[in-house]
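Each chain, written out:
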Amino acid sequence: GFDFLVVVLIDRDNPRSRFFVFRVGDLDALLSAPNASRAGGKRTLTMSKKAMNSTFKDYEDNWRVLL
């Protein structure tokens, strides 16, 4: 279990890394459906460039949720 998920995207060509900070409660709607073929029915968070600029935009540098 965890309370927050921080995703760090490192771009070798860009000197600034990108940080996405999620509350565990916000993740349910963003994760894939449970995958029965994976151990424990694990779920994935897919972050395409399009999604990072729309769906995940509010989570970028969202450090205030840690307060």
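As a reminder, the structure under discussion sits directly above these lines.
Residues numbered from 1 in each chain as written. Predicted model: local features only at pLDDT ≥ 70, side-chain atom pairs only at ≥ 80, totals over all residues. Heavy atoms only, no water.

### Observations regarding the overall build of the chain
Next, step 1: Per the secondary structure count, the chain includes 2 helices and 2 strands.
Next, step 2: Taken from the N to the C terminus, the helices and strands of the chain come in the order β-β-α-α.
Next, step 3: Counting only C-alpha atoms, the chain reaches 40 × 30 × 20 Å along its principal axes.
Next, step 4: With 67 residues in all, the chain has 19% of them scored as buried.
Next, step 5: Taking all contacts inside the chain whose residues are at least 6 apart in sequence as the whole, residues at least 24 apart take part in 43%.
Next, step 6: Put simply, the chain shows about 5200 Å² of open surface, and 52% of that area lies on carbon and sulfur atoms.
Next, step 7: Here the chain contributes 11 positively and 8 negatively charged side chains, and the mean placements of these two sets differ by 4 Å. (Helix = DSSP H or I, 4+ residues; strand = E, 2+ residues; numbered from the N terminus. Buried < 20%, exposed > 50% of the residue type's maximum accessible area, 1.4 Å probe, protein only. Contact = heavy atoms within 4.5 Å. Areas by Shrake-Rupley, 256 points an atom, 1.4 Å probe, with all protein chains shown as cover. Lys, Arg positive; Asp, Glu negative; His and termini not counted. Charge placed at Lys NZ, Arg CZ, Asp CG, Glu CD.)

### Points about the packing of aromatic side chains
Next, step 1: In the structure shown here, the tally under the stated rule is 3 aromatic pairs.
Next, step 2: Measuring from ring centre to ring centre gives 5.7 Å for F19 and W63, while their planes differ by 55 degrees; the resulting arrangement is tilted. Within this pair, whereas F19 is found in strand β2 (residues 18–23), its partner W63 is found in the segment after α2 (49–52), the two being separated by 44 residues in sequence.
Next, step 3: Following the ring pairs from residue to residue traces out a cluster consisting of F22, F56 and Y59. (Phe/Tyr/Trp six-rings, centres within 6.5 Å; stacked < 30°, edge-to-face > 60°.)

### Examining the nonpolar core
Next, step 1: In terms of nonpolar packing, the biggest core is built from 10 residues, these being V7, F20, F22, L27, L30, M47, A51, M52, F56 and Y59.
Next, step 2: Sorting the residues of this core by element identifies β2 and α2 as the ones contributing at least two each.
Next, step 3: The contacts of M47, once residues within four sequence positions are left out, are V7, F20, F22, M52 and F56. (Core = buried A, V, L, I, M, F, W, Y, C linked by side-chain atoms within 4.5 Å.)

### Structural notes on the pattern of salt bridges
Next, step 1: For the coordinates displayed, the defined rule picks out 4 salt bridges.
Next, step 2: For R16, the salt bridge identified is with D61, shortest N-O distance 2.6 Å. In this pair, R16 sits in the loop between β1 (4–9) and β2 while D61 sits in the segment after α2, placing the two residues 45 residues apart along the sequence.
Next, step 3: Residue D61 is classed as partly exposed on the basis of its relative accessible area, which comes to 31%.
Next, step 4: Among the salt bridges present, the one from E60 reaches R18, with a minimum N-O distance of 2.9 Å. Here the residue E60 occupies a position in the segment after α2, and R18 occupies one in strand β2, the gap between them amounting to 42 residues.
Next, step 5: R18 gets classed as partly exposed once you look at its relative accessible area, which sits at 24%.
Next, step 6: Salt bridges sharing partners connect three or more residues here, namely R16, R18, E60 and D61. (Salt bridge = Lys/Arg side-chain N within 4 Å of Asp/Glu carboxyl O.)

### Notes on the environment of W63
Next, step 1: Classification of W63 by relative accessible area gives partly exposed; the value is 37%.
Next, step 2: A sequence separation of 58 residues divides W63 from L5, and the C-alpha atoms of the two residues are 11 Å apart.

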